[in-house]
Amino acid sequence: MSEHLIRITVLDRKGQAHALEAPTDLGLNLMELCKSYGLPIKGTCGGMALCASCHIYVMSNHALPKPSDDELAMLDSAFFVQPNSRLGCQIRLRDELDGLQVQLAPESE
Ligand code: FES
């Protein structure tokens, strides 16, 4: 079981770091993981790339899969977008992401 756990660090909107342990064998995404830890990420659309309430910034140099057209379109209409912006719900937890660091983007409203 332990080989299917990775560590992800999430900075909240106050800059406080949270060390999360993430299972990689359950098909979860980063938005769902953050929610399960009680971090303030809404995930309003349930992971459909339709709301951008799971907007995060990728702070480490991990090679993530390229965003889909749906993700890019959603980020296009999101606020506070930076070159390292991604939608957390589109980042599937995989072993390669061990040590990933992300930051929660500011809320748009
Ligand atoms: Fe809605 Fe990610 S949860 S876009």
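Bear in mind the structure is a predicted one, so any value in this text is a computation, not a measurement.

What counts as what
Residues numbered from 1 in each chain as written. Predicted model: local features only at pLDDT ≥ 70, side-chain atom pairs only at ≥ 80, totals over all residues. Heavy atoms only, no water. Pairing = 2+ DSSP bridges. Helix = DSSP H or I, 4+ residues; strand = E, 2+ residues; numbered from the N terminus. Axes fitted to C-alpha atoms, helices over the stretch in contact; angles between N-to-C directions. Buried < 20%, exposed > 50% of the residue type's maximum accessible area, 1.4 Å probe, protein only. Contact = heavy atoms within 4.5 Å. Salt bridge = Lys/Arg side-chain N within 4 Å of Asp/Glu carboxyl O. Core = buried A, V, L, I, M, F, W, Y, C linked by side-chain atoms within 4.5 Å.

**Q** How should I be thinking about the sheet that holds strand E2 (residues 17-23) in this particular structure?
**A** Backbone-to-backbone hydrogen bonds pair the strands of a sheet. The strands run either parallel or antiparallel. A sheet is described by the order of its strands in space; here 5 strands give the open sequence E2-E1-E5-E3-E4, paired in mixed fashion. Edge positions in the sheet fall to E2 and strand E4 (85-87), since each has one partner strand and no second. Averaged over all pairs of adjacent strands, the angle between strand axes in this sheet comes to 40 degrees, irrespective of strand direction. Of the pairings in the sheet, the one linking strand E1 (residues 5-11) to E2 comprises 7 bridges and is antiparallel in character.

**Q** How should I be thinking about the environment of Asp 95 in this particular structure?
**A** Mapping Asp 95 onto the fold places it in the loop between E4 and strand E5 (100-104). On the basis of relative accessible area, Asp 95 is assigned to the partly exposed category, the value being 40%. The residues touching Asp 95, leaving out its near neighbours within four places in the chain, are Glu 3, His 4, Ile 6 and Thr 24.

**Q** Would you mind showing me how to read the pattern of salt bridges here?
**A** Once their charged atoms are close, side chains differing in charge can pair, the charge on each being opposite to the other. Applying the stated criterion across every chain, the model contains 4 salt bridges. Measuring nitrogen to oxygen at the nearest pair gives 3.1 Å for the salt bridge that ties Glu 21 to Arg 7. In this pair, Glu 21 sits in strand E2 while Arg 7 sits in strand E1, placing the two residues 14 residues apart along the sequence. A salt bridge links Glu 71 to Arg 86, with the shortest nitrogen-to-oxygen separation between them at 2.7 Å. In this pair, Glu 71 sits in helix H2 (residues 69-76) while Arg 86 sits in strand E4, placing the two residues 15 residues apart along the sequence. Taken as a pair, Glu 71 and Arg 86 share a single burial class, namely buried.

**Q** I tried to follow the nonpolar core on my own but got confused; where do I start?
**A** The nonpolar side chains of a soluble globular protein tend to be buried with one another. By size, the foremost hydrophobic cluster in this structure holds 28 residues, and its most contacted members are Ile 8, Val 10, Leu 30, Ile 56 and Leu 87. Every element with two or more residues in this core is listed here: E1, E2, helix H1 (30-36), strand E3 (55-58), H2 and E5. Among the elements that line this core, the one with the most residues is H1, at 4 residues. Sequence-distant contacts of Leu 87, defined by excluding residues within four places in its chain, comprise Ala 49, Ala 52, Cys 54, His 55, Glu 71, Met 74 and Leu 75.

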